[in-house]
Amino acid sequence: MTWTISPEPYDSPVAAALWRAYYTEVSDRWYLLHEGRRTDPAELEREIAATTGSELAPPTGRLFVGRYDGEPAGCAGVRLLEPDTAELTRVFVYERLRGKGGAPLLVAAAEEAARALGARRLILDTRGDLVEARALYARLGFTETEPHNDDIYAEHWFRKDLALN
């Protein structure tokens, strides 16, 4: 079983299915932690529809899909925020396939795309309850920093300086 990573249009059926899985998981985790319930289905549908991912389209963004043994298994996106700064977003791997090496490959593809876009640094934010994500970013050389945005769900901010090839 092997991973392949390739660019994917943000609005493809594969990207839509991965976005739905990602958003459902992080939303349910937040509501279970804070309110003891899963996300209201109507709210889930509104939020999924409202966040198209168009910021991950070329020329200033990219979305990558990881396939495990040919099946869509995860994704990672990158978008240019400023001429020298890109944001890593939508890093996700289906739970059943975590620990099999896909997330580092997805992040590496996003880092390479950020470099190609001219970025010298990659930033991201995440929540406190997403401990697996925070551990992944630390393993991949990201360092925790002061806040770089005021997103109401952001609790941890990371940065990685990118060496230009």
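Let us look at the structure shown here. Sequence positions are assigned chain by chain, starting from 1 and proceeding in written order. Whole-chain, interface and lining totals are the exception, using all residues; otherwise, since this is a predicted model, local features are given only for residues with pLDDT of at least 70 and side-chain atom pairs are given and counted only at 80 or more. Derived side-chain values reflect all non-hydrogen atoms in the structure, with water molecules and hydrogen atoms excluded from consideration.

### Some thoughts on the sheet that holds strand β6 (residues 143-145)
Working step 1: Criterion used throughout: strands pair if DSSP finds at least two bridges between them. Strands here mean DSSP runs of E at least two residues long; helices mean DSSP runs of H or I at least four residues long; both are numbered from the N terminus. The strand order across the open sheet formed by seven strands is β1-β2-β3-β4-β5-β7-β6, and the pairing between neighbours is mixed. Two strands bound the open sheet, and with one partner strand each, they are β1 (3-7) and β6. Across the sheet, the mean angle separating the axes of adjacent strands is 30° when strand polarity is ignored.
Working step 2: The sheet contact formed by strand β3 (residues 71-82) and strand β4 (residues 85-93) spans seven bridges and is antiparallel. Across the sheet, Cys75 pairs through a bridge with Phe92, a residue of β4.
Working step 3: Sitting on the sheet, helix α3 (residues 102-116) is in contact with β1, β2 (61-68), β3, β4, β5 (121-126) and β7 (156-161), with an inclination near 160° to β4. Orientation is described by axes fitted as lines to C-alpha atoms, over the contacting stretch for helices, and by angles from 0 to 180 degrees between their N-to-C directions. Throughout, a residue-residue contact means that at least one pair of heavy atoms, one from each residue, lies within 4.5 Å.

### Quick look at the environment of Glu55
Working step 1: Along the chain, Glu55 turns up in the loop between α2 (41-50) and β2.
Working step 2: Working definition: with a 1.4 Å probe on protein chains only, accessible area under 20% of the residue-type maximum means buried, over 50% means exposed, and in between means partly exposed. Assessed through its relative accessible area of 28%, Glu55 is described here as partly exposed.

### With respect to the pairing of β3
Working step 1: In this structure, β2 lies alongside β3, joined through eight bridges in antiparallel fashion. Its bridge partner lying in β3, Phe64 is registered against Ala76.
Working step 2: Taking the residues between adjacent antiparallel strands as the criterion, β2 and β3 are bridged by two residues, where Asp69 takes a positive phi near 55°.
Working step 3: Following β3, the chain reverses through two residues before pairing antiparallel with β4.

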